[in-house]
Each structure stands twice: as structure tokens, then as C-alpha cells.
Amino acid sequence: MAQFTLYNKHSAPPSDSTRVDCDHVPLCSINDVQLRFLVPDDLTEVRQLCQEWFPIDYPLSWYEDITSSTRFFALAAVYNLAIIGLIVAEIKPYRNVNKEDKGILPDSMGRTADVGYILSLGVHRSHRRNGIGSLLLDALMNHLTTAERHSVKAIFLHTLTTNQPAIFFYEKRRFTLHSFLPYYYNIRGKGKDGFTYVNYINGGHPPWTLLDHIKHYASKVRHTSSLCAWVAGRVQQVVRWFYHKLLTRFNFID
């Protein structure tokens with residue numbers, strides 16, 4: 001699996017960390033990998049890994065937050081007592097998302113809904129293409145689709161338009177392209193375009209377009225037509241039954 005990372009420009013500096021590496025160490029079994037939440041004692045190891053994986057130096061406060069704050073869903077994949085992958089996500093009310101993300105949910109749903117935002121997903125170079133990224137993402141998805149998290153209606157992320165491994169990875173896992181963000185990233189002083197990808201869960205759905213409204217009302221018309229046809233058929237049956245009874249009665253009198 002190619003490595004990739006996705007960062008919110010308002011919380012941590014973004015970067016294109018796509019790396020395609022043909023060398024990897026196959027695992028004996030995916031069952032050999034353990035998942036656990038990050039703890040403060042992981043700070044040094046996580047920071048070292050991120051410095052190896054990503055071409056920028058993130059603030060120390062960011063590592064302190066993801067290893068200690070309950071605000072983040074920060075999960076590590078551990079193999080032979082070493083962290084070989086991690087996913088960092090944040091769950092927050094939809095009303096608190098940034099302006100560029102306001103179109104993910106309909107306004108009526110967004111007033112009470114929460115959303116999950118994936119800040120980062122990375123896998124150690126030696127263990128890519130072994131399903132570690134999928135394992136971490138599935139853990140997040142399972143966490144957000146429990147009864148306690150029913151208010152979470154979407155999971156979304158940002159990625160560079162040039163980050164093909166990330167795009168392929170998420171599209172394969174039912175994330176859909178929502179919007180194009182021109183010059184969303186600032187990498188080494190240069191503006192880079194981004195995409196927003198979304199996966200709707202727990203009954204969530206995107207805002208309706210004009211075509212969606214047309215389809216909805218067309219469906220109602222078809223349903224109404226079917227209902228009218230059913231009622232007309234029943235009325236016709238009653239009329240036939242009444243006519244038959246009436247005719248039988250007159251024949252009996254004659």
C-alpha cells in the first residue's frame with residue numbers, strides 16, 4: 001500500500017506524502033497486527049515516525065494532542081511491539097466545520113449532525129500493501145457506525161489532486177469525490193489544488209441537487225398514479241359486485 005496523509009490546513013501543515021515503494025515486508029497474517037489508541041508515552045515514537053514518513057516537521061503541540069487528547073480518534077497499528085501505522089481522526093459537530101466543508105450535508109440535517117474528519121493516515125514503508133491502512137480505516141468506520149455514534153452522518157477528508165494512491169485507496173472504499181478545492185494547500189510556498197472526499201454513513205446523504213428534486217417528485221407522481229389506479233380498481237370491483245347483486249335481486253323478483 002502506498003503511504004499517504006491528509007491534513008486540515010487549519011490544524012496542521014498539509015503535504016503530499018505519496019510514496020510508491022516496491023520493497024515491503026509481508027506479514028505472516030493480518031491477525032499479527034494489534035490496534036490500540038495512542039497514549040502520551042507514544043509521543044517520541046510517533047514523532048520520529050512522522051518525521052520519517054512525512055517531509056515536514058509538525059509542531060510538538062500536534063503530537064501532544066493526538067497522543068493525549070480525547071478529542072481525537074488516534075489509533076496505532078502495532079506489530080512486534082512497534083507502531084507500523086496510525087490513523088488520526090476528529091469527530092465534531094457539523095456546524096463547526098470550516099467554510100469549504102459546509103456543503104457536505106443538507107442544512108436541515110447539519111443542524112444536529114456530527115461528522116468525522118480524517119486528518120492523517122500513514123503506514124510504515126516496510127509494511128505497506130499488507131492491508132494495514134484498510135485495517136485502520138475499518139476500525140474508524142466501525143467506531144462511527146455504532147448506535148452511540150448514530151449522529152455522525154459523514155466521514156470526510158482532504159487530499160491533494162495529485163495524490164493518486166490516496167484517491168484510489170478511498171474510492172475503493174466507497175468514498176466519493178465531493179468538491180474541488182483550488183489552491184487549498186500551501187506546500188513549500190506553492191499553492192496546490194485539493195479534493196474533498198466523503199463517505200456517508202448512518203443515513204447521511206449529500207444536499208439534494210435539482211435533479212434529485214425532480215426524481216423525488218417524479219417518484220411521488222408515480223406512487224400517486226399507482227395509488228389512484230389501485231383505488232380505481234377497487235371501486236370498479238365494488239361497482240361490479242353491487243351491479244351483480246342488484247341484477248340478481250331483480251331477476252329473483254321477476
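Refer to the structure printed above.
Quantities reported herein were computed from a predicted structural model and do not represent experimental measurements.

Asker: Looking at this structure, I do not really get the overall build of the protein. What am I missing?
Answerer: Looking only at helices and strands, the protein features 6 helices and 7 strands. Along the protein, from the amino end to the carboxyl end, the secondary structure elements read β-α-α-β-β-α-β-α-β-α-β-β-α. The proportion of buried residues among the 254 residues of the protein is 42%. Sequence-distant contacts, at least 24 apart, represent 72% of the contacts inside the protein between residues at least 6 apart. Of the accessible surface of the protein, which amounts to about 14500 Å², a share of 57% is contributed by carbon and sulfur atoms.

Asker: Looking at this structure, I do not really get the sheet that holds strand 6 (residues 176-187). What am I missing?
Answerer: Through backbone hydrogen bonds, the strands of a sheet pair up, either in parallel or in antiparallel fashion. An order of 1-2-3-4-5-7-6 is seen for the 7 strands of this open sheet, with the pairing classed as mixed. One side of each edge strand has no neighbouring strand; the edge strands of this open sheet are strand 1 (34-37) and strand 6. With strand direction ignored, the average angle separating the axes of adjacent strands in the sheet is 25°. Where strand 2 (residues 72-79) and strand 3 (residues 82-93) come together, 8 bridges link them in antiparallel fashion. Each residue of the ladder has a partner; that of Ala77, found in strand 3, is Gly85. Packing against the sheet, helix 1 (residues 43-53) makes contact with strand 3 and strand 4 (114-123), and its axis sits at approximately 95° to strand 3.

Asker: Teacher, can you tell me more about helix 2 (residues 60-68) here?
Answerer: What sets the pattern is the α-helix's 3.6 residues per turn: residues three or four places apart point alike. Turning to helix 2, its buried residues number three or more, namely Trp62, Tyr63, Ile66 and Thr67. Across the axial projection of helix 2, the buried residues extend over an arc of 120°, all falling on one side. Considering only its buried residues, helix 2 is in contact with helix 1, strand 2, strand 3 and strand 4.

Asker: Explanation requested: the packing of aromatic side chains in the structure shown.
Answerer: For any pair of aromatic rings, the description consists of the separation of the ring centres together with the inter-plane angle of the planes. On inspection of all chains with the given rule, the structure shows 10 aromatic pairs. With a centroid separation of 6.3 Å and an interplanar angle of 80°, the aromatic rings of Phe195 and Tyr197 are classed as edge-to-face. Take Tyr197: its relative accessible area is 2%, and that puts it in the buried class. Three or more aromatic residues link up through ring pairs in this structure, and these residues are Tyr58, Trp62 and Tyr63. Across the ring face of Tyr94, the terminal group of Lys102 is positioned such that the distance to the ring centre comes to 5.7 Å.

Asker: In this structure, what is going on with the pattern of salt bridges? I would like to understand it.
Answerer: Once their charged atoms are close, side chains differing in charge can pair, the charge on each being opposite to the other. If you walk through the whole model with that rule in mind, you get 2 salt bridges. Between Asp42 and Arg36 there is a salt bridge whose closest N-O contact spans 2.7 Å. Look at Arg36 and you get partly exposed, because its relative accessible area is 32%. As a salt-bridge pair, Arg71 and Glu90 come within 2.9 Å of each other at their nearest N and O atoms. Of this pair, Arg71 sits in the loop between helix 2 and strand 2 while Glu90 sits in strand 3; the two residues are 19 residues apart in sequence, bridging distant segments of the chain. For Arg71, a relative accessible area of 44% translates into the label partly exposed. Note on Glu90: relative accessible area 9%, which makes it buried.

Calculation rules
- Numbering of residues starts from 1 in every chain and runs along the sequence as written.
- The model is predicted, so local features are restricted to residues of pLDDT at least 70 and side-chain atom pairs to those at 80 or more, both for listing and for counting; the totals for chains, interfaces and linings are taken over all residues.
- With hydrogens and water excluded, all non-hydrogen atoms of the structure serve as input to the side-chain values.
- Each helix is a run of H or I in the DSSP string that is no shorter than four residues. Each strand is a run of E no shorter than two, and both are numbered from the N terminus.
- In this scheme, a residue with accessible area under 20% of its type's maximum is buried, one over 50% is exposed, and one in between is partly exposed, where area comes from a 1.4 Å probe on protein chains only.
- By definition, residues are in contact when any of their heavy atoms lie within 4.5 Å.
- Each accessible area value is a Shrake-Rupley result obtained with a 1.4 Å probe; residue values ignore everything except the protein chains displayed when judging cover.
- DSSP-based pairing: two strands are paired if at least 2 bridges between them are found.
- Under this scheme, a helix contributes an axis fitted over its contacting stretch, all axes are lines through C-alpha atoms, and angles between N-to-C directions fall in the 0 to 180 degree range.
- To obtain the arc, one takes the directions from the helix axis to the C-beta atoms.
- Whether two aromatic rings pair depends on their centres lying within 6.5 Å, for rings of Phe, Tyr and Trp, where Trp uses its six-membered ring; planes under 30 degrees apart make the pair stacked, over 60 edge-to-face, and the rest tilted.
- By the criterion adopted, a ring carries a charge over it if an Arg CZ or a Lys NZ lies within 6 Å of its centre and within 35 degrees of its normal.
- Salt bridge, as applied in this entry: a Lys or Arg side-chain nitrogen positioned within 4 Å of an Asp or Glu carboxyl oxygen.

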